[in-house]
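Survey of secondary and tertiary structure
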Amino acid sequence: MIFNPAEENEYEAACDLLVHRFDRWARENGIDADPFVAEAALEYRHIGTPDGRLGLWDQRHIEEFLLDWVPRSVTVLPDEEPADVPGTLRALLRYLDAVHLADPRGASLSEGLEAVDAAAPCHAEAMADRSRWGMAKFWITIAAEQGVDVHDEHALQDFVGRTQREEVPYDPEVLQAIAERQLRSSGPVRSEPQLPITLPGDDVLREQADRSPVLRQLRGLAEWAGREGRTLTGSGRLRLSDARELVERLDTGDSTDSVRSSAGLPRLNLLVEWAKTARLIRVAKGKLYVVARAEPVLNDPLGLWRRAFDAFRELRGPVRGARGGRYRKSVLSDAYDDLDVHDVILPDVLATLYSLPYPMPWPALRDAVHLAHRSRSLLGAFATFEQADDDLRTVLGVLESLGAIECHRGMADPVFADLAMSENDIEGWAGIPTEDDDDLETSPGVLPGMSTGRAGPLGEALPDGALLDEEDTRRARKLKSELSAGPVELIRLTDLGTDSVRRRLLAEGRDAPLIGELAQAPAAGLLGVLADDYDPESARAELAGWIAVHGARPAALEQLVHTVRTMPFRTRAEAMLDVLVSSLDDGERLLRSLRSDPSVAPTALSLLARRGILSPEDLTEPESLLMVAESLLQLCEAAGADGAREVLHQQGREAEEALRAALASGHPDREGLTNLQVLAERVSRERKAHVALVRQRGHRRNGRQGGKRRR
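What counts as what
Residues numbered from 1 in each chain as written. Predicted model: local features only at pLDDT ≥ 70, side-chain atom pairs only at ≥ 80, totals over all residues. Heavy atoms only, no water. Helix = DSSP H or I, 4+ residues; strand = E, 2+ residues; numbered from the N terminus. Buried < 20%, exposed > 50% of the residue type's maximum accessible area, 1.4 Å probe, protein only. Contact = heavy atoms within 4.5 Å. Areas by Shrake-Rupley, 256 points an atom, 1.4 Å probe, with all protein chains shown as cover. Pairing = 2+ DSSP bridges. Axes fitted to C-alpha atoms, helices over the stretch in contact; angles between N-to-C directions. Salt bridge = Lys/Arg side-chain N within 4 Å of Asp/Glu carboxyl O. 1 Å grid on protein atoms, 1.4 Å probe; cavity = no way out; pocket = protein on both sides within 12 Å on 5 of 7 lines; lining within 4 Å. Points joined across faces, edges and corners; volume = space filled by probe spheres on them. Nonpolar A, V, L, I, M, F, W, Y, C, P; charged D, E, K, R; others polar. Core = buried A, V, L, I, M, F, W, Y, C linked by side-chain atoms within 4.5 Å. Expected span 1.5 Å × (residues − 1). Patch = residues over 30% accessible without salt bridge, like charges linked within 9 Å, V, L, I, M, F, W, Y side chains within 5 Å. Lys, Arg positive; Asp, Glu negative; His and termini not counted. Charge placed at Lys NZ, Arg CZ, Asp CG, Glu CD. Parallel < 35°, antiparallel > 145°, perpendicular 65-115°, else oblique. Left-handed = near helix turned anticlockwise from the far one by under 90°. pLDDT = per-residue confidence, 0-100.

1. So, the overall build of the protein chain
Looking only at helices and strands, one finds 31 helices and eight strands in the protein chain. The proportion of buried residues among the 711 residues of the protein chain is 49%. Sequence separation of 24 or more characterises 71% of the internal contacts of the protein chain that already satisfy a separation of 6 or more. As presented, the protein chain carries roughly 35,600 Å² of accessible surface, and 48% of it is formed by carbon and sulfur atoms.

2. Looking at the sheet that holds strand 1 (residues 230-231)
On the basis of which strands lie adjacent, the open sheet formed by three strands has the order 1-3-2 and antiparallel pairing. Here the strands that pair on one side only, and so sit at the sheet edges, are strand 1 and strand 2 (281-284). Relative to strand 3 (residues 287-290), strand 2 runs antiparallel, the two being bridged by four bridges. Looking across to strand 3, one finds that A284 is bridged to K287. Against the sheet, helix 10 (residues 213-225) engages strand 1, strand 2 and strand 3, with an angle of about 115° to strand 3.

3. Overview of the pattern of salt bridges
Taken as a whole and judged by the stated rule, the model has 45 salt bridges. Through salt bridges with shared partners, a single ionic network connects R21, R24, E28, E637 and E671.

4. Digging into empty space enclosed by the protein
Scanning all chains against the criterion turns up five cavities of 30 Å³ or more. Lining the second largest cavity are 13 residues, and of these M1, L101, A102, D103 and R572 sit closest to its centre. With five residues, the top contributor of residues to the lining of the second largest cavity is helix 23 (residues 523-533). Residues of the lining of the second largest cavity, tallied by class, amount to six nonpolar, four polar and three charged.

5. Re the nonpolar core
Within the largest apolar cluster, 80 residues are counted, with the highest numbers of intra-cluster contacts made by W57, F65, L560, L577 and L580. A total of nine residues in this core trace back to one element, the largest contributor, which is helix 1 (residues 8-28). If sequence neighbours within four positions are ignored, W57 has contacts with A41, Y44, R45, I62, F65, L89, L93, L96, G106 and A107.

6. Some thoughts on the sheet that holds strand 8 (residues 488-493)
Read across the sheet, three strands follow the order 6-8-7 without closing on themselves; strand pairing throughout is antiparallel. Of all the strands in the sheet, the pair left with one neighbour each is strand 6 (360-361) and strand 7 (405-410). Where strand 7 and strand 8 come together, six bridges link them in antiparallel fashion. Within strand 8, the position partnered with G410 by the bridge is V488.

7. Observations regarding helix 25 (residues 553-565)
Between the first and last C-alpha of helix 25 there are 18 Å, a value that for 13 residues agrees with the 18 Å anticipated at 1.5 Å per step. Looking at the buried positions of helix 25, the neighbouring elements they touch are helix 23, helix 24 (536-548), helix 26 (570-582) and helix 27 (587-593).

8. A short note on a negative patch on the surface
Negative charge collects at one region of the surface, where E7, E8, E10, E12, D16, E39 and E43 lie side by side. Taken together, the elements giving at least two residues each to the negative patch come down to helix 1 and helix 2 (35-47). In terms of residues, the negative patch owes the most to one element, helix 1, which gives four residues. Turning to its location among the elements, E43 is positioned in helix 2. Judged by its relative accessible area of 37%, E43 falls in the partly exposed class.

9. As for the packing of helix 29 (residues 621-651) against helix 30 (residues 653-663)
A pair of packed helices can be characterised by two numbers: the angle between their axes and the separation between those axes. One way to put it is that helix 29 packs onto helix 30 with a least axis distance of 10 Å and a crossing angle of 135°. With respect to their mutual orientation, helix 29 and helix 30 come out oblique. Two packed elements cross with a definite hand, and for helix 29 against helix 30 that hand is left-handed. Where helix 29 abuts helix 30, its residues L625, V628, A629, L632, L648 and Q651 lie against R653, E654, A655, A658, L659, A661 and A662.

10. Some words on the packing of helix 1 against helix 29
The geometry of helix 1 relative to helix 29 is characterised by a closest axis approach of 8 Å and an angle of 90° between their N-to-C directions. Here helix 1 lies roughly perpendicular to helix 29, going by the angle between them. The residues of helix 29 that touch helix 1, namely those facing E10, A13, A14, L17 and R21, are E637, A638, A639 and G640.

11. Looking at the side chain of S583
With respect to the helices and strands, the residue S583 is situated in the loop between helix 26 and helix 27. If we ignore the near neighbours within four places in the chain, the residues touching S583 are A539, R540 and L543.

12. What about the environment of L265?
Looking at the secondary structure, you find L265 in the loop between helix 11 (240-250) and helix 12 (266-277). Classification of L265 as buried rests on a relative accessible area of 0%. As for L265 and V247, which are separated by 18 residues in sequence, their C-alpha atoms are 8.4 Å apart.

13. Regarding the confidence of the model for the protein chain
Summing up the model confidence of the protein chain, the mean pLDDT is 83 and the portion of residues at 70 or higher is 82%. For residues 704-711, every residue scores under 50 in pLDDT, and the model assigns this stretch zero contacts once sequence neighbours within four places are set aside.

14. Topic: the pairing of strand 8
Taken across its six residues, strand 8 has five buried, putting it largely inside the fold. Across two bridges, strand 6 lies against strand 8 in antiparallel orientation. Paired with M360 across the two strands is I491, which belongs to strand 8.

15. Points about the environment of M411
As for its placement among the helices and strands, M411 is situated in the loop between strand 7 and helix 19 (414-418). Separated by 73 residues in the primary sequence, M411 and S484 have C-alpha atoms spaced 8.1 Å apart. For M411, the residues in contact, after removing those within four places along its chain, are L483, S484, G486, P487 and L490.

In structure tokens:
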């Protein structure tokens, strides 16, 4: 259950519907809940988190909502009674679970309720802490405390004027804290979900990790340092004799000829800094020691590999080597530390490789990074991209030694060459606007089948409307030639790399589906996630795995159909049934069989018609009525009551006839029919009023035209 940030109308209609039904559910169950708080919770998940999943709640979401989002954005005026925010959140979690909208990848209901209970005692304190407030909330509260009617626009304008003239007392330290926090936090950026991936089990990953050359070197370095420690030079470096020993012992590949200090051994220095960053070794009192608490992870290849991978992002200069004892500047790190480019480019490169169904050609990845640099205006002092290429090559080389990526030569997949088959296509790949851009189904630089969120630097190469110079266009044409001429270097993530990138994406709050993770999910949760996030091939694999662990196939299918049967939201029910039948070899046969199911028939008929399996002539009269009702119910859900009323109002008498047909259809959604009855009465009243007004105006015109003008 997710909406793109651009789908504001669709989100608002769905939010209104959810809040309305939640409010009624709470009242029917004797639960004291505040609809405004429920709306705030949905808004938080929609625009306040990277993944935007309304039905997925885990501990971090619950804590952030109660202790940050609500204190920052929800204003309680001095004369208002504060709502029971934790209580309403508990009720919302129960409701999402009851109507099968809870995402199974989040916390279970019991875990979610425990998280609310744990955070609730701190909620009141957070609400009272003014330094946690947002700027708008701060000033509105100050105004209300000074007797300003905040609902009166003129009174607020007068208050703003007095504030600008410094006539309003307030705490400047609190205001400064609010301003600083807002500057530090730009808010989350919505990221589209990655394609679902497959991974072997931890036992296989552990065996793969144990073969990593870098792990062998890190483990050997820690063992060499030992608990007794190794003496360092006065400048904190390895003694040259020790460094020479380690170069041979660890097989770093450094040349020890003519070096005067260990600073001239870049690969060894990288390993030392890497081991420090990974908390495997430490420096104390002029000596290098193994970290005592690191022993368990040193003995666990997979745990050590994951720690090394996570530490790699914190290594900046050491990855590129040293000159004269100092790390040189790089377009990937030191020259732009203030902009955290290292923390942007490297994750984007890995995200570009992640879940890609075919290896990435080096020329395509190289040019994508070039464009990412240009978009951020990072190359002003550099005449060429050679330094960027060198840095990227070095980083990829280290990742290959670690075992995070694999490189080999071969022909690029045709999809890359297809993007550069003509000059216009080259421009599209490079981010240059073309005449046909309005008709493209994918964004510039995004491979077919990839969402913009999967593209990494490919999808963010240039700001909207930016144009490339002649050099960029030349390089784009060169890209076409390189991809088509012959074998190129191909790069892909290994299983270990994929696993660790996925773990990082999840830690950042992004969505990264894993085929097989839904095997024990409830049927409704399974179909909901498949409908929202899975491509057809992955959905088939996930569904087959789910059926395999849920007993006999007929019983498993009945569970799945039953969850569609009991789904109270019409559009959701159709999406769930659609993905179910699309993911089965005999899906059409199942769909046809549901035509006679009293509860699922409207949804099945809608799908059969949409797929072109049934035409209007194939429907019986009762089925035609059900189809009309189903269409109207889905219209109300998608557009909201007001939107549906506007659409129906434009259709005039035909809309009234459709509503009468729907109300006589016997549709199983009794609640929906009740709402349609209210809508029908309103549409009828408005139409009659409109007709009367038209007649009245016509009568007046006729009277003026047909009668004598009186003096």
